[in-house]
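The residues making up each chain are set out below.
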Amino acid sequence: MTSVLRSRVLLPLALLGVVGCGEDDVPSPQAVNIPVIARVGTEPFACGSVYTNVGTSKTTYEPMDFRVYVHDVRLLSADGKEVPVTLEDSAWQSSGVVLLDFANKDGLCTQGTEGMNMSIKGTVPEGDYHGVRFTLGVPETLNHGDVSTAPAPLNDTGLFWSWRSGYLFTRIEGRTPGLTQGHVMHLGSTDCAPPPEGQTSGTAGCTNNNRPEVKLDDFNLATGKVVMDLGTFFSGSNLDVNATGTAEGCMSSQADSDCAPLFERLGMGFGAQAANPAAQSFIRAE
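Keep in mind the model is a prediction, meaning the values are calculated, not measured.

> Give a detailed account of the state of the cysteines, specifying residues and quantitative values.
Inspection of every chain in the model, using the stated rule, returns three disulfides. Put simply, Cys-192 and Cys-206 are joined by a disulfide, and their sulfur atoms are 2.0 Å apart. One quick way to see it: the torsion about the S-S bond of Cys-192 and Cys-206 is about 105 degrees, and its sign makes the bridge right-handed. With a gap of 14 residues between them, Cys-192 in strand β15 (residues 190-192) and Cys-206 in strand β16 (residues 206-208) connect regions that are remote in the sequence. Residue class for Cys-192 comes out partly exposed when judged on its relative accessible area of 24%. Each disulfide in the chain links cysteines that, numbered along the sequence, combine into the pattern 1-2, 3-4, 5-6.

Pasting the structure below:
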């Protein structure tokens, strides 16, 4: 009788030991909070401010908007592996997409909302990380949906190109003495086929996806910041003139020469350099 009772007690204890060991092997979640700051050269970006010596003509630049979508956020582990960040859901993040919003309602910034978002938040398995990577834009699987029913932050009609049936990956706008209506930099996918037969949204594919990859492999997760620098971004552009017969600034067209220096700083090819792009310089770690 004693031996029977002993076996009935030991069996559950053995099973508990196995379960406990398995739980110990699961890494604890590690919080991720990456600050993303905007600058114009050495000066902090702010709506209502006026910046001088911008671009090749050393012009004056007054911000009108500065918003950027990013997705596919990963951290680089000590052994060189990419680890996806599980983004927390909020008004600024959903479906793996983050809207970075540096514009409030001050000055000429009349688009968007008063609110701003200058961070990427989520979790990764506990570990040692030294780099961050992400993709600029909205992923193809979400880019051509119905903006009126999409969750925040993909529900902003001001960040949707109805005539291209896709999102503006960047909306960067500012007034200069030469372009008083505003110089724009709207990045997005172009030359997109219409929706597949029988569908009212979506696309059969885009010739120019225009989603640059950002790799900041020397990044301190505890103290580092991601910097988006309009001074560097515009350093090869004359913001006071516009190519004849094109939109003021750049609307991502391969036929618009004003896009060439901006694409270069985004690490994307343009024209003859389409197959051999330079390294992106718009975004850096600090």
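What follows continues from the structure just given.
> Just give me the short version of the side chain of Asp-256, but keep the residues and values in it.
With respect to the helices and strands, the residue Asp-256 is situated in the loop between β19 (249-250) and α4 (260-265). Owing to a relative accessible area of 3%, Asp-256 belongs among the buried residues under this scheme. Within the structure, the side chain of Asp-256 is placed 3.0 Å from the backbone nitrogen of Asp-258, a separation counted as a polar contact. The residues touching Asp-256, leaving out its near neighbours within four places in the chain, are Ala-243, Thr-246, Ala-247, Gly-249, Cys-250, Met-251 and Phe-270.

> Describe the side chain of Gln-93, with residues and values.
Mapped onto the fold, Gln-93 is located in strand β7 (residues 93-94). By relative accessible area, which is 2% here, Gln-93 ends up buried. There is a polar contact of 2.7 Å between the side chain of Gln-93 and the backbone oxygen of Glu-88. When near neighbours in sequence (up to four residues on either side) are disregarded, Gln-93 contacts Leu-87, Glu-88, Val-98, Ser-119, Ile-120, Lys-121, Ala-152 and Pro-153.

> Describe the nonpolar core, with residues and values.
Among the nonpolar cores identified, the biggest contains 61 residues, and Phe-66 and Leu-230 are the most heavily contacted of them. Per element, the largest residue contribution to this core is seven residues, and it comes from strand β4 (residues 59-77). Look past the residues within four positions of Phe-66 in its chain and what remains in contact with it is Ala-38, Phe-45, Leu-100, Asp-101, Phe-102, Ala-103, Arg-171, Ile-172, Met-228, Leu-230 and Phe-282.

> Can you lay out the pattern of salt bridges for me, pointing to particular residues and giving the numbers?
Two side chains bearing opposite charge may form a pair once their charged atoms approach each other closely. Tallied over the entire structure, the rule returns 15 salt bridges. The salt bridge partner of Asp-217 is Arg-133, with a shortest N-O separation of 2.8 Å. Placement of Asp-217 in the loop between β17 (213-216) and β18 (226-229) and of Arg-133 in strand β10 (residues 129-136) is noted, with a sequence separation of 84 residues between them. Overall, the relative accessible area of 33% leaves Asp-217 in the partly exposed class. On the basis of relative accessibility, which here comes to 13%, the residue Arg-133 falls in the buried class. Ionic pairing is found between Arg-265 and Glu-264, a salt bridge with its closest N-O pair at 3.7 Å. Assessed through its relative accessible area of 13%, Arg-265 is described here as buried. The partly exposed category is assigned to Glu-264, whose relative accessible area is 40%. One connected set of salt bridges, linked through shared partners, spans Asp-72, Arg-74, Glu-82, Arg-133, Glu-213 and Asp-217.

> Could you give me a rundown of the packing of aromatic side chains, with the residues and numbers involved?
Ring pairs (aromatic) are described by centroid distance and by the angle formed between their planes. Across all of its chains, the model carries eight aromatic pairs by this definition. When the ring of Tyr-61 is compared with that of Phe-234, the centres are 5.3 Å apart and the planes differ by 50 degrees; the resulting orientation is tilted. A residue pair is termed long-range when its members are at least 10 positions apart, and Tyr-61 in strand β4 and Phe-234 in the loop between α3 (230-233) and β19 qualify at 173 residues. One exposure class covers both Tyr-61 and Phe-234, and it is buried. Put simply, the rings of Tyr-61, Phe-233, Phe-234 and Phe-282 touch in pairs and so form one group of aromatic residues.

> Give me the pairing of strand β3 (residues 51-54): which residues, what numbers.
Pairing geometry for β3 and β4, over two bridges, is antiparallel. Residue pairing in the sheet places Val-54 in a bridge with Thr-59 of β4.

> Kindly report on unusual backbone geometry, identifying the contributing residues and their values.
Among all residues except glycine, the phi angle is most often negative; among peptide bonds, the trans geometry is most common. Cis geometry is adopted by the peptide bond preceding Pro-153, which originates at Ala-152 and carries an omega value of 5 degrees. Summarising the element assignment, Pro-153 is placed in the loop between α2 (140-143) and β11 (160-161). Within the chain, Lys-58 stands out as a residue other than glycine whose phi angle is a positive 50 degrees. Along the chain, Lys-58 falls in the loop between β3 and β4. Even without being a glycine, Ser-95 presents a positive backbone phi close to 55 degrees. Along the chain, Ser-95 turns up in the loop between β7 and β8 (97-101).

Criteria and thresholds
- Residues numbered from 1 in each chain as written.
- Predicted model: local features only at pLDDT ≥ 70, side-chain atom pairs only at ≥ 80, totals over all residues.
- Heavy atoms only, no water.
- Disulfide = S-S within 2.5 Å.
- Helix = DSSP H or I, 4+ residues; strand = E, 2+ residues; numbered from the N terminus.
- Buried < 20%, exposed > 50% of the residue type's maximum accessible area, 1.4 Å probe, protein only.
- Polar contact = N/O pair within 3.5 Å; in protein donor to acceptor, adjacent residues only side chain to side chain.
- Contact = heavy atoms within 4.5 Å.
- Core = buried A, V, L, I, M, F, W, Y, C linked by side-chain atoms within 4.5 Å.
- Salt bridge = Lys/Arg side-chain N within 4 Å of Asp/Glu carboxyl O.
- Phe/Tyr/Trp six-rings, centres within 6.5 Å; stacked < 30°, edge-to-face > 60°.
- Pairing = 2+ DSSP bridges.

By themselves, these observations are geometric and do not establish any function.
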